[in-house]
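What follows is the residue order along each chain.
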Amino acid sequence: MPKFHGAFGCVPGSESHAGQVFCCVGALSIANKLQLLDVDQLAWWLCERQLPSGGLNGRPEKLPDVCYSWWVLASLKIIGRAHWLDKNSLVRFYSRLPRRGNRGIC
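Report on the accompanying structure. Predicted model, so just to flag it, every value in this text is computed and none were measured. Per-chain numbering applies: the sequence of each chain, read as written, is numbered from 1 onward. Given that this is a predicted model, residues contribute local features only at a pLDDT of at least 70 and side-chain atom pairs are listed and counted only at 80 or more, while totals for whole chains, interfaces and linings are drawn from all residues. To get the side-chain values, take all heavy atoms of the structure and skip hydrogens and water.

Moving on to the side chain of Asn57. Only DSSP runs of H or I with at least four residues qualify as helices, and only runs of E with at least two residues qualify as strands; both kinds are numbered from the N terminus onward. Checked against the element boundaries, Asn57 lands in the loop between helix 2 (39-47) and helix 3 (66-78). Whenever a nitrogen or oxygen atom comes within 3.5 Å of another N or O atom, the pair is scored as a polar contact, on the condition that within protein one atom can donate a hydrogen and the other can accept it, and that pairs from neighbouring residues in sequence are kept only if both atoms are in side chains. Looking at Asn57, its side chain comes within polar contact range of the side chain of Arg49, at 2.8 Å. At 2.9 Å, the side chain of Asn57 and the backbone oxygen of Lys62 are in polar contact. The contact partners of Asn57, leaving out residues within four places of it in the chain, are Arg49, Leu51, Lys62, Leu63, Pro64, Tyr68 and Val72. Only heavy atoms matter for contacts: two residues are in contact if any of them lie within 4.5 Å across the pair.

Printed below as a string of structure tokens:
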């Protein structure tokens, strides 16, 4: 069951978390049940994860992270609201990350 802000925690009453949101949204998408979500409310919560650095965190008061950025962006893509993010800021965040040879980011 989603919380008042539309997101999901791991157990009832727990803090919402972007990784858990992705699992729930993905499962509802596979089951063809996205209509059970308040999509705009959930998208608002997910977009609130974008920090001034452009990166995304997984829950309030945490630092931005590549992993959480993926969970948030993937969830927004599934519900059709990825365009709500500041794409240019997210690209700048990724472009500032260290790279290890040809193995990708961090």
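Still to come is the rest of the account.
Attention now moves to the packing of helix 1 (residues 18-30) against helix 3. Axes, fitted as lines to C-alpha atoms, cover a helix only where it is in contact. Angles between the N-to-C directions of the axes lie from 0 to 180 degrees. At a minimum axis distance of 9 Å, the contact between helix 1 and helix 3 shows a crossing angle of 30°. In this view, helix 1 runs roughly parallel relative to helix 3, as classed from their interaxial angle. The chirality of how helix 1 crosses helix 3 is left-handed. Packed against helix 1, whose contacting residues are Ala18, Gly19, Val21, Phe22, Val25, Gly26 and Ser29, the element helix 3 presents Trp70, Trp71, Val72, Ala74, Ser75 and Ile78 at the interface. Roughly parallel means an angle under 35 degrees; roughly antiparallel means over 145; roughly perpendicular covers 65 to 115; every other angle is labelled oblique. The crossing is said to be left-handed when, going from far helix to near helix, the turn is anticlockwise and less than a right angle, and right-handed when the turn is clockwise.

Right, let's get into unusual backbone geometry. With a phi close to 60°, Asn32 is a non-glycine residue in the positive phi region. The phi dihedral of Glu61 falls on the positive side, at around 70°, and the residue is not glycine. Take Glu61: it is sitting in the loop between helix 2 and helix 3.

Note that an α-helix has 3.6 residues per turn; residues three or four places apart therefore point the same way. Along helix 4 (residues 87-95), the positions that sit buried rather than exposed are Ser89, Leu90 and Phe93. Seen from one end, helix 4 has its buried residues packed into an arc of 100°, which puts them on one side. Turned more than 90 degrees away from the buried face of helix 4, the exposed residues are Lys87 and Asn88. Where helix 4 is buried, its residues meet helix 3. Capping of helix 4 at its N-terminal end is provided by Asp86; its side-chain oxygen lies 3.3 Å from the backbone amide nitrogen of Asn88. A simple rule labels every residue: compare its accessible area, found with a 1.4 Å probe on the protein chains alone, to the largest value its type can have, and call it buried under 20%, exposed over 50%, or partly exposed in between. What the arc measures is the spread of directions leading from the helix axis to the C-beta atoms.

Before going further, it helps to examine the pattern of salt bridges. A carboxyl oxygen of Asp or Glu within 4 Å of a side-chain nitrogen of Lys or Arg is what we treat as a salt bridge. In the structure shown here, the tally under the stated rule is 2 salt bridges. A salt bridge links Glu15 to Arg59; the shortest N-O distance between them is 3.0 Å. Note that Glu15 is positioned in the segment before helix 1 and Arg59 in the loop between helix 2 and helix 3, a separation of 44 residues in sequence. The exposure class of Glu15 is partly exposed, given its relative accessible area of 44%. For Asp40, the salt bridge is made with Arg81, and the minimal N-O distance between the two is 2.8 Å. Residue Asp40 is found in helix 2, and its partner Arg81 is found in the loop between helix 3 and helix 4; the two are separated by 41 residues along the sequence.

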